[in-house]
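Listed below are the residues making up each chain.
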Amino acid sequence: MKRLPVLALLLWICCVFYVGIFLFVGGFLLVRLEVNRTSSCKDVLPPASNSTSPDFCHESPRVRRVVILIVDALKAEFARYDPGNVSPRPFENKLPVLGETTSSRPSHARLYTFRADPPTTTMQRIKGFTTGSLPTFIDVGNNFASSAVLEDNLIHQLGQAGKRVVFMGDDTWVSLFPKKFHRSLPFPSFNVKDLHTVDNGILQNIFPIMDGDDWDVLIAHFLGVDHCGHRFGPDHPAMAEKLTQMDGVIRSVIKRLQDDTLLVVMGDHGMTDTGDHGGESQKETDAALFLYSGSPLFPAPDAQQVEPEVVPQTDLVPTLALLLGIPIPYSSVGQVMLQLFPSSLDAPVGLSQGEALWINVKQVHRFLETYSSMAKDIPADSLSQLRTLFSQISDQYLSSIRDGTPPSPQLVASMQEYLNSVRETCRASWARFNPLKMAAGLLVLGFGCTLCYVISELSVVVLEGAMLKTPVLAGLLVGGAVAVGQIFILGYAEVSWCLGAAVLCAEALFLWQARRVCPRGRLSHWHLLTLPLLMLLLRCASLLSDSYVISEGRVVTFLLFSLGLYFPLQLNWDGLLVPAPSTDTQKPHGLLAPSLPPSVVRRESGTLLICTGILVACLYLSLSFHSCREEQGACQPSVFLTPLSRVQDSRLRNLHYVLSLASLSAWAFLLHRWLRHYGNLNCTGVCVFTARCLLPLASICMGLHWAVSATPEDTFRNLAELIRLAQVILPRLAFSLLGLGMLLLWLDPLTVFLKTRAPLNSRGSVMPPPRYRASTGISPQAELHHLIPQLYQRIRQSLDDEGAKGTDPDGRPAVEAYGLGTVYSAPLVLLCGLMGLGMLLLHPEGMALSFLLLLLQAAAILHLHASSSNLSSLQSQSSLFSVPWAPVVLWSLAASQFFHATGHLPTFPSIQWGAAFVGFPQGHTGTVLPATLVTLNTFSSQILFAVGCPLLLFWPLVCELRGTRTSRSGGGEDGDEVVMEMRLRENPQQFSSALLQLTARYLFINGAQVLASVCAAAILRRHLMVWKVFAPKLMFEASAFIVGSVFVLVGVALVMRVDSAVARLFQRLLPESSR
Amino acid sequence: MWEVEIRGMASAHALLAGSVLVGSLVPALSVENFSVYGTHLVWLYSVCGCVAIVNITVFWLLGISPPTKKHTLSYKLSRLIRSCVYFLLSCLFFHTVVVLYGASLLESALETFSLAVLLSTLTTLRCLCMLGPNVQAWIRVFSRDGAMSVWDTSLQITTGCSVVGAWLGAFPIPLDWDRPWQVWPVSCSLGATGGFLTGLLAAPIWIRWHRKQLTYKLK
């Protein structure tokens, strides 16, 4: 078979899609330029006035020292205190100190809701409330590799002003601000399961440091509450414990606070009801902010000024800066909290409200000017509007200073309005797209889908014609030309445009070539309108509506169900499901369409109906493993999604454990059973070693690991050390066993056992041609069933040529080959099994049930396809191995279905970060390994179905109709026997073209879904839900495609590997037997 | 001959379509506060009843159903009982299918069952009237060469249209439009009824259009 051309074509298709995705995403996801300038004391006030001293840094500030306690994920709800609540839940009323202080000392303390900007991940938030700028979507991915903040920020300014900043807690800060702290005590933050290390580390150090005098700003970042949320969710006794601890900390800090010190207690973000964060729901964005000062800082509560309830997170930056008497960071777009400054009537120390606002306005204006000169993404009309507003404000303020009167309330209001509108303008323009790139990406993807379709329809012609070379060369040339042109004209070359031009040119050329060589009528568009492709169309259309994306799991299941019912209905419509009525046999034979014997039809349609039933049952049961999006109001996430360690009821936990264990063993047993049934476990190769030993061993490791991780922490105190060790060793052992298995599988994928029977009478000088029997079973009956007299047509023919004289049937030496009939599918099934186990290990334990369903459903689809193609084998005119659209669509949609049914959702907060800690409970040092683990966890169903995709080609051969013709023609031994997958060796041309066709169809279906979600993002880019629904969906769909296509290539490569191994086997056999 | 048969079928279909209309009008005149969305089940059952009555009457009068070999009372009675059992079974079957399609299992089970009754009335009842309680014949009719008369073809078309209509009716349910007809099972039952009416209209037209290609084996 043609191995290299098939792989090259597939690789090329994948590359085309990657370039399309890259182009579109480059134009769609927004980027903000970072302004790397810093403010200094000199540029704060100079032209403002002469009334205040020219250099305000040296003026005595309103607050000398600040203690900032950051309690990660301190949700606004946690800080509220309701004395009337008699039976508070674990997270309610646990921080009474905040409420008590605000009510008893209203001029010293305030409690606000502190609203973060999405994304609500810790690193983004730290950046947000130190630089005061707004994040963009592109920042999301950096959570693992937090690198230093280059923009101007509070910490930098504090250092410039000579303030001693002492930091302790979450070590993210140290990587963000390396060498900026006077003293820092970082503690590891990555291990989500560890509730106490960071907090206890802070508690040991904070009070001695506070009592000492070697600090001006003290930052302490507690992580316990956040980790508790991640691990147990907010509604858990551990949360109450943690919050009570925080209450104690705040109390003792307040007790030690001096009069010139400000205490800031804040949460960086909130959390959802399940304890996750990252999105933009109000539960995630609303944190608490508590301000307390030893001396009265706030106006009396009866002042006429209406204080805001909600404070945006960026507003803390200018406020703290001006309170401490340092310049506001250059690119901050926040607005000072006026209530912390004295209204100008009584100006004892520090800045008055008017002055503070004016400084703020000037700083924001300067930033806007700098930014708009650097980047052109802020629209000119709103920029000019802002400029006129600023000049008005400036005139009014300066005149009021000249007059010596305090700024009027109208002026204050207009300054606030200016700041608000700048913030809104920035927010809007940092959500700005590059339409040209988006259009190019769309075009490339659209052409890519057409390409896939053409290749799948013309796979034979494409493989014969070697049509790839010219387009790729032309594409490279054009890409190079574009690059050279860009360098000449612009001075630099933009990668995306070169790639885009290259790929577009190659695609166009390929399509043109295909059009020329395509036989007439092959590419008719009418058979596109069959039901399977209609389902695909519906699926793609559903990606264009936010409601359907939100309930995507159910939509996919609905479509799959309809497609599953299509099989029996279609076969019945064609009259193939029931045996042909007996009246027909009286007709003359010439008119009679060839039909299968009734018993075979009955058996096959029985299998078909049973498989449909299993498929439907799997679909229905898989609905109970779904997780919930925040948009789905009354929805309960599946109970199987909670890790066992979180389940509090011990009986329920045991039940879950037993269920998971049962499905795990069922998974291993079914694989073993299948391999044994087809005789693939007889040889002594390493592959069998994998199946016989590694697979069960790995499952045992997993079962033990689940048991260990499910034990509550405090049950076996004396065994704690051992348990901790087991939590590291067991999963790593399972991973390495599985990895070893896959490696061995790759090295020697053959599962064939050859048994040579000594010839009875081999005395003749000329060896009679051997008679090959390939057997798949172990028992004699099974052997009879799977008898393969013709092992390999070509060998036989060559042998026949060699010694055509001796044809005595008894004199032939016979070679029996066990497992030859499933030589291609066995390694693939085994690989899927191993990978499935590995990915199951990355999931919560309860997902074992869902993985078992996945296995069952995949088997049901395969058998459905096999028996339907058996039933229609005599009717179909298509080429020998060609896989029709319906099973491929079914297979591909099942991948999306199980993406949802393994508890995943296309949203960022629902990513199961816990996967990164399986086997690494202490956290990681690098970023590659955790990212890989999380990717494997997220796209596990896509990976499994992608690797298993070639099985669709093999299964009809595995389930080939046995003994139909032999029984009729009286047991003819030659030619018509069951050869199973050896048919593929007999027709290598058709095999490679069918494989190419199948894979191209699979890629087409996945690519069409990517195209649809890209279209959705492009068309609905101003939609309310774009950042909440469509952009994450696009990211997930594109990543799923990339991961899936890589693993499709892996699956195809394994098939190639098996093929070459089989070829070598036959080569080895040939000289031996003909000697 | 074609003309006669088609005309006969068209008038029978007109009667059936009329029965849907009557089924909607009767409760509108007799029941207080009636609306198709608000008191949906009333509408549904009244349509079911009217369609069932008209269906049975029309086919009994026309004598389409296969000629029975025996004319004894007990045989007829057993046929009747078997038909009733089949109808009930088909209701249960549709209920199961609808639940498997994603309807909630316990909540609003009555609504789901009512939809199943409607679907059975629109599809199974016609099968029962035309082919008798004979599952083999039903399976035979729904294959490409299975139709043996214009009536069989019309049965294929109307049944297919009703089921597809109900299937399409499920599409608007997840949308966030908050319309009264998105409530379960309003859109599905409206879809099924709409599909049925479309099928009634389409069948004579389609048969007339394809009368050259249609060849029926003699019974």
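- As recorded by an unreviewed UniProt entry, chain B carries the name Phosphatidylinositol-glycan biosynthesis class F protein and is attributed to Hemibagrus wyckioides.
- Among the UniProt annotations of chain B, the heading Subcellular location (unreviewed entry) holds the following wording: "Endoplasmic reticulum membrane".
- Taken directly from UniProt, the Pathway (unreviewed entry) text for chain B runs: "Glycolipid biosynthesis; glycosylphosphatidylinositol-anchor biosynthesis."

- Where an unreviewed UniProt entry is consulted, chain A appears under the name GPI ethanolamine phosphate transferase 3, catalytic subunit, with the organism given as Hemibagrus wyckioides.
- A UniProt comment under Subcellular location (unreviewed entry) is attached to chain A, and it reads "Endoplasmic reticulum membrane".
- Its UniProt record gives chain A the following Sequence similarities (unreviewed entry) comment, quoted word for word: "Belongs to the PIGG/PIGN/PIGO family. PIGO subfamily."

**Some remarks on the overall build of chain B**
Part 1: The secondary structure content of chain B amounts to 8 helices and 0 strands.
Part 2: Here the analysis covers contacts within chain B between residues at least 6 apart in sequence; of these, 72% occur between residues at least 24 apart.
Part 3: Carbon and sulfur atoms provide 71% of the accessible area of chain B, an area that totals close to 11,700 Å².

**Some details on the overall build of chain A**
Part 1: Helix and strand counts for chain A come out as 37 helices and 11 strands.
Part 2: Residue burial in chain A is summarised as follows: out of 1075 residues, 59% are buried.
Part 3: Residue pairs at least 24 apart in sequence account for 82% of intrachain contacts in chain A once pairs closer than 6 positions are excluded.
Part 4: Carbon and sulfur atoms form 60% of the exposed surface of chain A, whose accessible area is close to 43,500 Å².

**What about the interface of chain A and chain B?**
Part 1: Listed as interface residues are 19 residues of chain A and, on the opposing side, 18 residues of chain B.
Part 2: When the buried area of chain A at its contact with chain B is split by residue, Phe-558, Trp-573 and Tyr-620 of chain A rank highest and sum to 36% of it.
Part 3: The interface formed by chain A and chain B holds 1 salt bridge in total.
Part 4: The salt bridge involving Asp-574 of chain A is made with Arg-144 of chain B; its shortest N-O contact spans 2.8 Å.
Part 5: Seen at the junction of chain A and chain B, the total is 9 residue pairs in polar contact (both at pLDDT 80 or more).
Part 6: When contributions to the side of chain A that touches chain B are tallied by element, the ones reaching two or more residues are α19 (531-542), α20 (546-550), α21 (552-573) and α22 (598-622) of chain A.
Part 7: Top contributing element to the side of chain A that touches chain B by residue count: α21 of chain A, with 7 residues.
Part 8: Here the residues of the side of chain A that touches chain B sort into 10 nonpolar, 6 polar and 3 charged.

**Observations regarding the confidence of the model for chain A**
Residue and element names in this part refer to chain A.
Part 1: Counting all residues, the mean pLDDT for chain A is 81, and 83% of those residues have values of 70 or more.
Part 2: Below a pLDDT of 50 lies the segment residues 139-146, which in the model reaches 15 contacts outside its immediate sequence neighbourhood of four places, other chains included.
Part 3: In this model residues 758-814 is a low-confidence stretch, pLDDT under 50, and it forms 113 contacts with partners more than four residues away in sequence or in other chains.

**Let's talk about the packing of helix α15 (residues 435-457) of chain A against helix α18 (residues 495-517) of chain A**
Angle between the axes and distance between the axes are the two parameters that describe a pair of packed helices.
All names here are of chain A.
Part 1: In the contact formed by α15 and α18, the axes pass within 10 Å of each other and the chain directions differ by 30°. Judged by the angle between their axes, α15 and α18 are roughly parallel. Judged by the twist between their axes, the crossing of α15 over α18 is left-handed. Along its contact with α15, which presents Leu-436, Lys-437, Ala-440, Leu-443, Val-444, Phe-447, Gly-448, Thr-450, Leu-451, Val-454 and Ile-455, the element α18 presents Ser-496, Trp-497, Val-503, Leu-504, Glu-507, Phe-510, Leu-511 and Ala-514.
Part 2: Residue composition of the contact of α15 with α18, grouped by class: 14 nonpolar, 3 polar and 2 charged.

**As for the packing of aromatic side chains**
Residues and elements named next belong to chain A.
Part 1: As enumerated under the stated definition, the model contains 40 aromatic pairs over all chains in all.
Part 2: Ring geometry for Phe-177 against Phe-181: centres 6.3 Å apart, planes inclined by 80°, an arrangement best described as edge-to-face. For the pair Phe-177 and Phe-181, a shared accessibility class is recorded, and that class is buried.
Part 3: For the ring pair Trp-674 and Trp-955, a centre distance of 5.3 Å and an interplane angle of 20° mean the geometry is stacked. Remark: Trp-955 occurs in helix α33 (residues 951-958) and Trp-674 occurs in helix α23 (residues 650-677); sequence separation between them is 281 residues.

**A word on a nonpolar patch on the surface**
Part 1: The grouping of Phe-716, Leu-719, Leu-722, Leu-725, Ile-729 and Leu-733 of chain A at the surface amounts to a nonpolar patch, some 550 Å² of accessible area in total.
Part 2: On the secondary structure map, Leu-722 of chain A appears in helix α25 (residues 720-747).

**Observations concerning unusual backbone geometry**
Residue and element names in this part refer to chain B.
Part 1: Following Trp-184, the chain continues to Pro-185 via a peptide bond in cis, the omega torsion being -5°.
Part 2: Here Pro-185 is to be found in the loop between α7 (150-169) and α8 (186-209).
Part 3: Of note in this structure, Ser-108 is not a glycine but carries a positive phi near 50°.
Part 4: Checked against the element boundaries, Ser-108 lands in the loop between α3 (73-100) and α4 (109-122).
Part 5: For Ser-108, a relative accessible area of 29% gives the class partly exposed.

**Considering the pattern of salt bridges**
Residues and elements named next belong to chain A.
Part 1: According to the stated counting rule, one finds 26 salt bridges over all chains in the structure shown.
Part 2: We note a salt bridge from Arg-164 to Asp-216, for which the minimum N-O separation is 3.2 Å. Of the two residues, Arg-164 sits in the loop between α5 (154-160) and β3 (165-170) while Asp-216 sits in the loop between α7 (197-211) and β5 (217-222), which places them 52 residues apart along the sequence.
Part 3: Overall, the relative accessible area of 28% leaves Arg-164 in the partly exposed class.
Part 4: For Asp-216, a relative accessible area of 9% corresponds to the buried category.
Part 5: Of the charged contacts, one joins Glu-1037 and Lys-1033 as a salt bridge, the two residues approaching to 2.8 Å between their closest N and O atoms.

**With respect to the environment of Asn-572 of chain A**
Part 1: With respect to the helices, strands and loops of the structure, Asn-572 of chain A is situated in helix α21.
Part 2: Distance in space between the C-alpha atoms of Asn-572 of chain A and Ser-605 of chain A is 9.8 Å, their sequence separation being 33 residues.
Part 3: Once you skip the residues sitting within four places of it in the chain, Asn-572 of chain A turns out to touch Leu-577 of chain A together with Ile-139, Phe-142 and Ser-143 of chain B.

**Some words on the environment of Thr-215 of chain B**
Part 1: Counting through the fold element by element, Thr-215 of chain B comes out in the segment after α8.
Part 2: Through-space distance from the C-alpha of Thr-215 of chain B to that of Val-150 of chain B is 9.6 Å; in sequence the pair is 65 residues apart.

**Digging into the packing of α25 of chain A against helix α28 (residues 825-841) of chain A**
Residues and elements named next belong to chain A.
Part 1: Two elements in contact, α25 and α28, have axes separated by 10 Å at closest approach and are oriented at 160°. The orientation of α25 relative to α28 falls into the category roughly antiparallel. The two elements α25 and α28 meet at a crossing, and its hand is left-handed. Contact residues: α25 offers Pro-731, Ala-734, Phe-735, Leu-738, Gly-741, Met-742 and Leu-745, while α28 offers Pro-827, Leu-830, Leu-831, Leu-834, Met-835, Leu-837, Gly-838 and Leu-841.
Part 2: Of the residues in the contact of α25 with α28, the class split is 13 nonpolar, 2 polar and no charged.

**Here's the deal with the sheet that holds strand β6 (residues 261-266) of chain A**
Residue and element names in this part refer to chain A.
Part 1: The 8 strands are arranged β4-β3-β5-β1-β6-β7-β2-β8 in an open sheet whose pairing can be described as mixed. Pairing within the sheet leaves two strands with one partner each, and these edge strands are β4 (183-187) and β8 (310-312). For this sheet, the mean angle separating the axes of adjacent strands, direction not counted, is 20°.
Part 2: Bridge analysis of β3 against β5 gives 5 bridges, and the strand direction is parallel. Bridged to Met-168 within β5 is Ala-220.

Calculation criteria
- Sequence order sets the numbering: in each chain, residues are counted from 1 along the sequence as written.
- In the order they appear in the text, chains get letters beginning with A and ligands get numbers beginning with 1.
- This being a predicted model, a pLDDT of at least 70 is required before a residue's local features are given, and a value of 80 or more before pairs of side-chain atoms are given or counted; all residues contribute to the totals for chains, interfaces and linings.
- Side-chain figures throughout are based on the complete set of non-hydrogen atoms in the structure, without hydrogens or water.
- UniProt positions are given in the numbering used here, feature names are shortened, and annotations may be inferred rather than shown by experiment.
- Under the DSSP-based scheme used, a helix requires at least four consecutive residues in state H or I and a strand at least two consecutive residues in state E, with every element numbered from the N terminus.
- We call two residues in contact whenever any of their non-hydrogen atoms come within 4.5 Å of each other.
- Note on areas: these come from Shrake-Rupley sampling with a 1.4 Å probe, and a residue is covered only by the protein chains present in the view.
- For the exposure calls, accessible area comes from a 1.4 Å probe over protein chains only, and a residue counts as buried if that area is under 20% of its type's maximum, exposed if over 50%, partly exposed in between.
- Each of two parts loses accessible area, computed with a 1.4 Å probe, when they are put together; buried area is these two losses added.
- We define a salt bridge as a contact between a side-chain nitrogen of Lys or Arg and a carboxyl oxygen of Asp or Glu at a distance within 4 Å.
- Pairing of N or O atoms within 3.5 Å defines a polar contact, subject to two protein rules: one partner must be a possible hydrogen donor and the other a possible acceptor, and residues neighboring in sequence count only if both atoms are side-chain atoms.
- Gly falls in the polar group here, along with every residue not listed as nonpolar (Ala, Val, Leu, Ile, Met, Phe, Trp, Tyr, Cys, Pro) or charged (Asp, Glu, Lys, Arg).
- For every residue, the pLDDT score states the predictor's confidence, bounded by 0 at the bottom and 100 at the top.
- Every axis corresponds to a line fitted to the C-alpha atoms, with the helix fit spanning only the stretch in contact, and the corresponding angles, defined between N-to-C directions, vary from 0 to 180 degrees.
- Roughly parallel refers to an angle under 35 degrees, roughly antiparallel to one over 145, roughly perpendicular to one between 65 and 115, and oblique to any angle outside these ranges.
- It is the rotation of the near helix from the far one that decides the hand of a crossing: anticlockwise by less than a right angle makes it left-handed, clockwise makes it right-handed.
- Each pair of aromatic rings taken from Phe, Tyr and Trp, with Trp reduced to its six-membered ring, is defined by centres within 6.5 Å and is described as stacked if the planes are under 30 degrees apart, edge-to-face if over 60, and tilted in the remaining cases.
- Exposure above 30% relative accessible area and no salt bridge define the residues that can form patches, which grow by joining like charges within 9 Å and nonpolar side chains of Val, Leu, Ile, Met, Phe, Trp and Tyr within 5 Å.
- DSSP calls a pair of strands paired once it identifies at least 2 bridges connecting them.

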